[in-house]
Amino acid sequence: MAFSVLIVDDSPVMRGFIRRVMTLSGFEAGECWEASNGEEALAQLREHRVDVILTDINMPKMNGEELLRQLETDAQLRSVPALVISTDATKDRILRMISLGAEGYITKPFTPEALREELERILGEPHA
Amino acid sequence: MPEGLEQSAIAERDVDLKVIDRVSNEVLETMFFTEAIATGCDHSWFSTAVTARIAFAGSHAGEFLLSVSREAARAIASGFLGLAEEETTENDCGQVILELSNILCGAVLSNRWPESRLSLATPELGGCGCANEGALHRCFTLPVGALALTICAADAAVSRG
């Protein structure tokens, strides 16, 4: 089964890298949407069915923290799991994002295997 | 500076440099498919380098600078983007070096101070990577070209050295 993914990061090269890493890891995303901040992410989520959100934290307009807050208050979007991918490895930040509803947290740098394992854990099945 | 304090400052600086060495290698190998070897400073390439800077604030404050020689920037960008070097544009190089600086800055600072609360500004291209006196600075040799990291702290915690 192919899952649809929304990648939220203000860096276009990082969004491209995540797409490539998903492919390298053997994870076949069915449809892959992109957004450069939380606002764009919410618009994409209202337009498309998404199985998992991969989001950065530091972004202009609406950052990853605010995106998670908005998801929690939206009855339709609350169930979409979010995996945070960030450079920030401080305990405070990780705990804060988990408390806001993130299903997982990966720190950069990350390997393709680490991303795949987290996606499998969140989506609940091994992926071919 | 009293002798005891001076030795303590030297010891902490060694810890800072070890964190920079370990984290830089981890970042470059894992996501940029290259390796880095810490080396003595030779800044002859700085005048043509691609330099990115990031201000950070919170429990520690200052500026993080990353300078990458032109040939290293192209090799790193092509590896990160999965493109051949001849397909990699100047804009690609700039965008990838911004991302590399963001990852290195976040990884170095949060590994050095895991209990801290930090916020990083958006990385910007430009400026010079020259180390001011008192900054924490490290040069690396890559398979192609060179790279230098500098952390200029506004607080005492990283301003030694």
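Residues numbered from 1 in each chain as written. Chains lettered and ligands numbered in written order. Predicted model: local features only at pLDDT ≥ 70, side-chain atom pairs only at ≥ 80, totals over all residues.

A.B. asks: Which parts of the structure should I look at to understand the overall build of chain B?
C.D. replies: Check the secondary structure of chain B and you find three helices and seven strands. From first element to last, N terminus to C terminus, chain B shows the α and β order α-β-β-β-α-α-β-β-β-β. The buried share of chain B, reckoned over its 161 residues, is 40%. Partitioning the intrachain contacts of chain B with sequence separation of at least 6 by distance along the chain shows that 66% fall at a separation of at least 24. (Helix = DSSP H or I, 4+ residues; strand = E, 2+ residues; numbered from the N terminus. Buried ≥ 20, exposed ≤ 12 C-beta atoms within 10 Å, placed from the backbone. Contact = placed C-beta atoms within 7 Å.)

A.B. asks: Help me understand the overall build of chain A, please; the structure alone is not making it clear to me.
C.D. replies: Scanning chain A from terminus to terminus reveals five helices and five strands. Taken from N to C terminus, the helices and strands of chain A fall in the order β-α-β-α-β-α-β-α-β-α. Here the C-alpha radius of gyration of chain A, 13 Å, is about what a compact globule of 128 residues would show, namely 14 Å. Seen along its three principal axes, the alpha-carbon backbone of chain A occupies a region of about 35 × 35 × 25 Å. Looking at chain A as a whole, 36% of its 128 residues are labelled buried. (Rg over C-alpha atoms; globule rule 2.2 N^0.38 Å.)

A.B. asks: Which parts of the structure should I look at to understand the environment of glutamate 40 of chain A?
C.D. replies: Looking at where glutamate 40 of chain A falls in the secondary structure, it is placed in helix 2 (residues 38-47). Between the alpha carbons of glutamate 40 of chain A and arginine 93 of chain A there is a distance of 23 Å; along the sequence they are 53 residues apart.

A.B. asks: Just to check I follow, could you spell out the nonpolar core for this structure?
C.D. replies: Side chains of nonpolar character tend, in soluble globular proteins, to be buried together. Grouped together as the largest cluster of nonpolar side chains are 72 residues, with contacts concentrated most on Ile76 and Ile97 of chain B. It is helix 3 (residues 90-112) of chain B that contributes the most residues to this core, 11 residues altogether. (Core = buried A, V, L, I, M, F, W, Y, C linked by C-beta atoms within 7 Å.)

A.B. asks: How do you make sense of the packing of helix 1 (residues 12-24) of chain A against helix 3 of chain B when you look at a structure like this?
C.D. replies: Running from N to C, helix 1 of chain A and helix 3 of chain B point in directions that differ by 80 degrees, and their axes come no closer than 8 Å. Between helix 1 of chain A and helix 3 of chain B, the angle is such that the two are roughly perpendicular. Across from Pro12, Val13 and Met14 of chain A in helix 1 of chain A, the residues of helix 3 of chain B making contact are Gln95, Val96 and Glu99 of chain B. Among the residues making up the contact of helix 1 of chain A with helix 3 of chain B, the classes are represented as four nonpolar, one polar and one charged. (Axes fitted to C-alpha atoms, helices over the stretch in contact; angles between N-to-C directions. Parallel < 35°, antiparallel > 145°, perpendicular 65-115°, else oblique. Nonpolar A, V, L, I, M, F, W, Y, C, P; charged D, E, K, R; others polar.)

A.B. asks: In this structure, what is going on with the confidence of the model for chain B? I would like to understand it.
C.D. replies: Detailed conclusions should not be drawn from predicted coordinates in areas where pLDDT is low. Predicted confidence across chain B gives a mean pLDDT of 86, with 88% of residues reaching 70 or more. In the model output, the complex is listed with pTM 0.86 alongside ipTM 0.83. (pLDDT = per-residue confidence, 0-100.)

A.B. asks: Can you walk me through helix 3 (residues 64-73) of chain A in this structure?
C.D. replies: Because an α-helix packs 3.6 residues into every turn, residues spaced three or four apart end up facing the same way. Residues and elements named next belong to chain A. Looking at helix 3, one finds that the buried residues are Gly64, Leu67, Leu68 and Leu71. Considered in projection along helix 3, the buried side chains sweep an arc of 100 degrees and stay on one side of the axis. Those residues of helix 3 that are buried are in contact with strand 1 (3-8), helix 2, strand 3 (52-55), strand 4 (82-86) and helix 4 (91-99). (Arc of directions from axis to C-beta.)

A.B. asks: Even after reading the chapter, I still don't get helix 2 (residues 70-81) of chain B, so can you show me in this structure?
C.D. replies: Residues and elements named next belong to chain B. Taking 1.5 Å as the rise per residue, helix 2 with 12 residues should run 16 Å; its terminal C-alpha atoms sit 16 Å apart, in good agreement. Within the span of helix 2, buried status applies to Ala72, Ala73, Arg74, Ala75, Ile76, Ala77 and Phe80. In the stretch just after helix 2, glycine 82 is the one whose phi turns positive, near 70 degrees. (Expected span 1.5 Å × (residues − 1).)

A.B. asks: Teacher, can you tell me more about the interface of chain B and chain A here?
C.D. replies: Interfaces are often described in size by the accessible area the parts lose on coming together. Counting residues at the interface gives 22 residues for chain B and 18 residues for chain A. Those elements that provide at least two residues to the side of chain B that touches chain A are helix 1 (3-32), helix 2, helix 3 and strand 4 (118-120) of chain B. For the side of chain B that touches chain A, the element with the highest residue contribution is helix 3 of chain B, accounting for nine residues. Tallied by class, the residues present in the side of chain B that touches chain A amount to 10 nonpolar, eight polar and four charged.

A.B. asks: Would you take a moment to explain the pairing of strand 7 (residues 146-153) of chain B for this structure?
C.D. replies: Side chains on a regular strand alternate between the two faces of the sheet. Residue and element names in this part refer to chain B. With respect to burial, strand 7 is a largely interior element, six of its eight residues being buried. Of the strand pairs in this sheet, strand 3 (residues 62-68) and strand 7 are connected by seven bridges, and their pairing is antiparallel. Following the sheet pairing, leucine 66 is matched in strand 7 by leucine 149. With six bridges joining them, strand 6 (residues 136-141) and strand 7 adopt antiparallel strand pairing. In the strand pairing of strand 7, arginine 138 is matched with leucine 149. Between the antiparallel neighbours strand 6 and strand 7 lie four residues, among them glycine 145 with a positive phi of about 85 degrees. (Pairing = 2+ DSSP bridges.)

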